[in-house]
Amino acid sequence: MTAPRTPDEEIIQAQAPVVREIHDDEQRVQRIDRELQRGFEMLRDVGCAVSVFGSARVPPGDPQYELAHSVARELSAAGMDIITGGGPGIMEAANRGAKEGGSLSIGLNIELPFEQHENPYLDIEMTCHYFFTRKLLFVRYAIGFVVFPGGFGTLDELFEAFTLSQTGKTRHFPIVLVGSDYWHGLVDWIRERMLGEDKISPGDLDLFTVCDDPKDIVAALFRGAELQGFPCGEGARG
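Reference entry: report on the structure contained in this document. Predicted model, so just to flag it, every value in this text is computed and none were measured. (Residues numbered from 1 in each chain as written. Predicted model: local features only at pLDDT ≥ 70, side-chain atom pairs only at ≥ 80, totals over all residues. Heavy atoms only, no water.)

1. Here's the deal with the environment of T84
Here T84 lies in strand β2 (residues 81–84). Judged by its relative accessible area of 0%, T84 is buried. Once the C-alpha coordinates of T84 and D8 are considered, the two residues, 76 residues apart in sequence, prove to be 20 Å apart. Contacts of T84, omitting those with residues within four sequence positions, involve V52, M91, A94, N95, I106, G107, L108 and F138. Among the polar contacts listed, one links the side chain of T84 to the backbone nitrogen of G86, at a separation of 2.8 Å. (Helix = DSSP H or I, 4+ residues; strand = E, 2+ residues; numbered from the N terminus. Buried < 20%, exposed > 50% of the residue type's maximum accessible area, 1.4 Å probe, protein only. Contact = heavy atoms within 4.5 Å. Polar contact = N/O pair within 3.5 Å; in protein donor to acceptor, adjacent residues only side chain to side chain.)

Okay, here's the thing in structure tokens:
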């Protein structure tokens with residue numbers, strides 16, 4: 001029997017004989033409640049924000065890093081706060097763009113068995129114990145998602161957004177996939193297999209947009225913000 005490596009493991013595998021229980025359910029609920037309260041308190045003044053996702057393994061100077069940097073800077077200059085996972089790579093690029101654009105730069109990090117260091121471009125930083133509380137904060141305080149190439153974590157956030165939009169849990173929530181070359185295989189599979197076998201409806205293909213041009217990315221977010229009642233562009237901040 002071993003100690004759980006993370007609070008998520010402590011909850012998810014609480015019934016497994018190989019994982020030692022260190023809390024009871026009342027203590028777990030209290031910790032979840034404290035984490036949500038802390039997140040709501042820290043982010044209560046966030047207005048029109050965009051959550052940006054992508055690989056932590058993309059270094060400065062890489063075209064994907066530089067694109068995330070410039071897109072976030074433009075969104076920030078137009079009055080949109082930027083939320084990321086707070087780590088390196090695409091997350092760092094987006095937070096850097098937010099700092100340069102003059103809006104809030106927010107990082108929601110996660111406690112992992114392997115350490116993910118925070119990037120140096122954050123105005124607000126919170127390290128979450130639980131993936132599910134972190135994911136709620138990503139959605140609650142954002143008017144849309146910008147999704148750059150990434151791995152399992154990026155896909156997790158992407159399909160969470162698809163499901164929330166498809167089921168009507170979010171309204172007018174733009175989901176922008178950046179990089180047609182990276183995403184075309186997934187999009188083709190969704191169209192050919194999921195839609196082709198009637199696993200989704202034709203209208204579900206309208207839940208997301210694939211963009212390469214920074215102007216198209218920004219325009220898609222502006223449309224979503226305006227449909228949700230947020231002002232955009234010059235004079236939006238404040």
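Structure shown, so let's carry the discussion forward.
2. Quick notes on unusual backbone geometry
One can expect most non-glycine residues to show negative phi and most peptide bonds to be in trans. For H172, which is not glycine, the phi torsion reads 55 degrees and is therefore positive. Mapped onto the fold, H172 is located in the loop between α6 (152–166) and β6 (175–178). Judged by its relative accessible area of 41%, H172 falls in the partly exposed class.

3. With respect to the sheet that holds β6
Taken in spatial order, the 7 strands of this open sheet run β4-β3-β2-β1-β5-β6-β7, and their pairing is parallel. At either end of the open sheet lies a strand with only one pairing partner, and these are β4 (124–128) and β7 (209–211). On average, adjacent strands in this sheet sit at an angle of 20 degrees to one another, irrespective of strand direction. Across the sheet, helix α4 (residues 90–101) is in contact with β1 (49–53), β2 and β3 (105–110); its angle to β2 comes to roughly 160 degrees. (Pairing = 2+ DSSP bridges. Axes fitted to C-alpha atoms, helices over the stretch in contact; angles between N-to-C directions.)

4. Some points on the nonpolar core
L43, L108, F145, V147, I175 and L177 are the most contacted members of the largest nonpolar core, which has 31 residues in total. Among the secondary structure elements, those contributing two or more residues to this core are β1, β3, β4, α5 (131–140), β5 (144–147), α6, β6 and α7 (180–195). For this core, the element with the most residues is α7, which contributes 4 residues. Judged by nonpolar contacts, the second largest core, of 26 residues, contains V71, I90, V218 and A220. (Core = buried A, V, L, I, M, F, W, Y, C linked by side-chain atoms within 4.5 Å.)

5. Topic: the side chain of E157
Tracing the sequence through the fold places E157 in helix α6. No salt bridge forms around the buried E157; measuring N to O, its nearest opposite-charge neighbour R134 is 4.6 Å away. Each residue touching E157, except ones within four places of it in the same chain, is listed here: F53, K135, F138 and F145. (Lys, Arg positive; Asp, Glu negative; His and termini not counted. Salt bridge = Lys/Arg side-chain N within 4 Å of Asp/Glu carboxyl O.)

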